[in-house]
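Understanding the architecture of this molecule
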There are 2 protein chains.
Amino acid sequence: MTEPVIRPVTHIAFLLFPNVTQLDLTGPAQVLSRLGNARIDLVAKTSDPVPTDAGFALLPTATFADAAQPDILCIPGGFGTQDAMEDEATLAWVSQAAAGATWVTSVCTGALLLGAAGLLRGYRATTHWASHHHLAAFGAIPVHERVVFDRNRATGGGVTAGIDFGLALTAVLRGEAHAKLVQLSLEYDPAPPFDCGSPGRADAETLDRYKALVARSVPERDARTRAAAERMMAEPLDR
Amino acid sequence: MTEPVIRPVTHIAFLLFPNVTQLDLTGPAQVLSRLGNARIDLVAKTSDPVPTDAGFALLPTATFADAAQPDILCIPGGFGTQDAMEDEATLAWVSQAAAGATWVTSVCTGALLLGAAGLLRGYRATTHWASHHHLAAFGAIPVHERVVFDRNRATGGGVTAGIDFGLALTAVLRGEAHAKLVQLSLEYDPAPPFDCGSPGRADAETLDRYKALVARSVPERDARTRAAAERMMAEPLDR
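Predicted, not measured: the structure shown is a model, and the values here were computed from it. (Residues numbered from 1 in each chain as written. Chains lettered and ligands numbered in written order. Predicted model: local features only at pLDDT ≥ 70, side-chain atom pairs only at ≥ 80, totals over all residues. Heavy atoms only, no water.)

Applying the stated criterion to the full structure yields 24 salt bridges over all chains. B:Asp87 serves as the salt-bridge partner of B:Lys45, at 2.8 Å between the closest nitrogen and oxygen. A residue pair is termed long-range when its members are at least 10 positions apart, and B:Lys45 in the loop between strand 2 (38-44) and strand 3 (50-51) and B:Asp87 in the loop between helix 2 (81-84) and helix 3 (88-100) qualify at 42 residues. Overall, B:Lys45 belongs to the partly exposed group, its relative accessible area being 45%. A relative accessible area of 21% means that B:Asp87 is categorised as partly exposed. Across the pair B:Asp83 and B:Arg224 runs a salt bridge whose closest N-O atoms are separated by 2.6 Å. Here the residue B:Asp83 occupies a position in helix 2, and B:Arg224 occupies one in helix 8 (residues 218-233), the gap between them amounting to 141 residues. Judged by relative accessible area, B:Arg224 falls into the partly exposed class, the value being 21%. Because the salt bridges share partners, they merge into one network encompassing A:Asp83, A:Glu86, A:Glu220 and A:Arg224. (Salt bridge = Lys/Arg side-chain N within 4 Å of Asp/Glu carboxyl O. Helix = DSSP H or I, 4+ residues; strand = E, 2+ residues; numbered from the N terminus. Buried < 20%, exposed > 50% of the residue type's maximum accessible area, 1.4 Å probe, protein only.)

Strands in a sheet are paired, the pairing made by backbone hydrogen bonds, and the direction either parallel or antiparallel. All names here are of chain B. Taken in spatial order, the seven strands make up an open sheet running 5-2-1-6-7-11-10, and their pairing is mixed. Where the open sheet ends on each side, the last strands, each with one partner, are strand 5 (62-63) and strand 10 (147-150). Across three bridges, the pairing between strand 1 (residues 10-15) and strand 6 (residues 72-75) is parallel. If you follow isoleucine 12 over to strand 6, its bridge partner there is isoleucine 72. Here helix 3 sits on the sheet in contact with strand 1, strand 2, strand 6 and strand 7 (103-107), set at roughly 150 degrees to strand 6. (Pairing = 2+ DSSP bridges. Contact = heavy atoms within 4.5 Å. Axes fitted to C-alpha atoms, helices over the stretch in contact; angles between N-to-C directions.)

So, on to the UniProt feature "domain: DJ-1/PfpI" (unreviewed entry) in chain A. Feature annotation in UniProt places "domain: DJ-1/PfpI" (unreviewed entry) on residues 12-169 of chain A, given in this structure's numbering. As a span, residues 12-169 of chain A carries 28% helix and 24% strand, and end to end its C-alpha atoms are 12 Å apart. (UniProt positions renumbered as here; feature names shortened; annotations may be inferred.)

What follows concerns the pairing of strand 1 of chain B. Residues and elements named next belong to chain B. When you tally the buried positions in strand 1, you get six out of six residues, the bulk of the element. Of the two faces of strand 1, both are covered, the one formed by Thr10, Ile12 and Phe14 as well as the one formed by His11, Ala13 and Leu15. Pairing geometry for strand 1 and strand 2, over six bridges, is parallel. When the bridges of strand 2 are listed, phenylalanine 14 appears paired with leucine 42. Taken together, strand 1, helix 1 (residues 22-32) and strand 2 form a β-α-β motif whose crossover is right-handed. (Right-handed = clockwise from strand over helix to strand, strands pointing away.)

Right, let's talk about the packing of helix 1 of chain B against helix 5 (residues 161-174) of chain B for a bit. Residues and elements named next belong to chain B. As a packed pair, helix 1 and helix 5 sit with axes 8 Å apart at the nearest point and diverge in direction by 25 degrees. Classed by the angle they form, the pair helix 1 and helix 5 counts as roughly parallel. Crossing of helix 1 over helix 5 shows right-handed handedness. When helix 1 is examined against helix 5, the residues Gly27, Pro28, Val31 and Leu32 are found in contact with a partner set consisting of Gly162, Ile163, Phe165, Gly166, Leu167, Leu169 and Thr170. Its residues assigned to classes, the contact of helix 1 with helix 5 shows seven nonpolar, four polar and no charged. (Parallel < 35°, antiparallel > 145°, perpendicular 65-115°, else oblique. Left-handed = near helix turned anticlockwise from the far one by under 90°. Nonpolar A, V, L, I, M, F, W, Y, C, P; charged D, E, K, R; others polar.)

Here we come to helix 7 (residues 204-214) of chain B. Quick reminder: α-helices carry 3.6 residues per turn. Residues three or four places apart thus point the same way. Residues and elements named next belong to chain B. Of the residues making up helix 7, those classed as buried are Thr206, Leu207, Tyr210 and Val214. Down the axis of helix 7, the sector holding all buried residues measures 100 degrees, keeping them to one side. Along helix 7, the residues that are exposed and aim more than 90 degrees away from the buried face are Ala204, Glu205 and Ala212. (Arc of directions from axis to C-beta.)

Here the focus is the relation of the copies chain A and chain B. In screw terms, the move from chain A to chain B is a rotation of 180 degrees and a rise of 0.0 Å along the axis, fitting with an RMSD of 0.0 Å. What the superposition gives is, in effect, a two-fold axis relating one chain to the other. A high fraction, 100%, of the interface residues of chain A reappear at the interface in chain B, so the copies pair face to face through one surface. (Least-squares fit on C-alpha atoms with pLDDT ≥ 70 in both.)

A few words on the state of the cysteines. In this structure the tally under the stated criterion is zero disulfides over all chains. No disulfide involves A:Cys196; its sulfur sits 16 Å from the nearest other cysteine sulfur, which is in A:Cys108. (Disulfide = S-S within 2.5 Å.)

Another point: the interface of chain A and chain B. Each partner contributes residues to the interface: chain A has 63 residues there, and chain B has 63 residues. For the pairing of chain A and chain B, the buried interface totals around 5,400 Å² over both sides, and the portion due to carbon and sulfur atoms is 65%. Counting the surface chain A buries against chain B, the share from its top three residues, A:Leu184, A:Glu187 and A:Phe194, is 14%. Across the contact surface, chain A and chain B share six salt bridges. A:Asp189 serves as the salt-bridge partner of B:Arg201, at 3.3 Å between the closest nitrogen and oxygen. In this assembly, chain A and chain B are joined by 39 residue pairs in polar contact (both at pLDDT 80 or more). Counting residues per element, the side of chain A that touches chain B draws most heavily on helix 6 (residues 176-185) of chain A, at eight residues. (Buried area = accessible area lost by both parts, 1.4 Å probe. Polar contact = N/O pair within 3.5 Å; in protein donor to acceptor, adjacent residues only side chain to side chain.)

Turning our eyes to something else, we now look at the layout of surface pockets. In this structure, the largest pocket spans a volume of roughly 820 Å³. Around the largest pocket, the lining is made up of 34 residues, and of these B:Phe79, B:Tyr210, B:Val214, B:Ser217 and B:Arg221 lie nearest the centre. Of all the elements in the fold, those that place two or more residues in the lining of the largest pocket are helix 6 of chain A together with helix 2, helix 7 and helix 8 of chain B. Class assignment of the residues belonging to the lining of the largest pocket gives a composition of 13 nonpolar, 15 polar and six charged. Forming the walls of the second largest pocket are 32 residues, and the residues nearest its centre are A:Phe79, A:Tyr210, A:Val214, A:Arg221 and B:Arg34. Put simply, the parts of the chain that give the lining of the second largest pocket at least two residues each are helix 2 (81-84), helix 7 (204-214) and helix 8 (218-233) of chain A together with helix 6 (176-185) of chain B. (1 Å grid on protein atoms, 1.4 Å probe; cavity = no way out; pocket = protein on both sides within 12 Å on 5 of 7 lines; lining within 4 Å. Points joined across faces, edges and corners; volume = space filled by probe spheres on them.)

Here you go:
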């Protein structure tokens, strides 16, 4: 009889901030919770419930002050990213958690927050398609792929890419056979009703609707994102 | 100048119960939160945080006692479904909310809970592939599709099918153009790392691993599900 393999617990911390796109977090959290022996923390500035963009709040399991060092750090995105990347306490915790983490990862515009903490300088990375043009300002090498690995960085595209990211990371950490098992358990055999999930596939009318929807907020968000990138690039590389 | 169209708020209630598969709920909640003018409630027995299967809790926004009548009722699934379908207070609230709802829906094994409340008798429906064989016992007409509509019932397959369900319902409620906009905003252009997300696609080894993983819990779960179906079928049709 062979001895059972005792796998060390994998501690995964997701940053939680107000107005996060909750599926950026809950998608990969569902996948990674099936790594086996994984512990998931949602880490926020305080222990108060954190409002998401979907009309309900998520409850932190740890705060910046008391969170244990994660093996995997994952930063979700959403419209709240903008405020989070201007918040010194948030950037400080992200920098500190990243320094001790085996994997430093993001989903959606969480990549911009990694960028603002100086964590994508010289790394290949992706983000939500509508924010992809900002990656270079943070010193990242922009890649148009759904999930991008570069050394210990892994970044996913917009929102639903977090599921593909979670499965890809599972395959790296636990092997293909386990990742396939998780994919089957989540019945991940997607059947999108339309073929319009990325700008290259969407028709012009859908792209125009999207542009019209965000038009009012884009100039301010672009300016704030550029300013965050400039602040970070003014720091020494080992921030 | 034409008058702006004031759309009535769509009130969407998700049932929240202990050990829910949180992505069954958070996936469609993300999609449906972008209906425009939608209000999302997570309704539980009490206002205490509800533990999910992913290691963190979700916070109810309403309780059975104080929840407003939803337009759309959605029941997620997961291993906690078993206990929930044996809980009289839960079944009573589901029945009552369904009676006044325009849409009565489920994702994953939430269909079995709808079934236990007598809400799928005579309706075409789907559920997680590994529980699909139970649908007939609840008087449902089992359909092997990712999302199934039958009159005012809409049911999705396992876990990640909730995203396809949400988009399909969005198309019905707000039209194809809006659903495409939501799909693009969520960058839903899935790229599963493996082609194994359903039993028809998975290789024999992955299916065997899945069977081995759940083998110990299957007999008890099957027996409890059959018992719930028998209790419901003993009731008059208008329960």
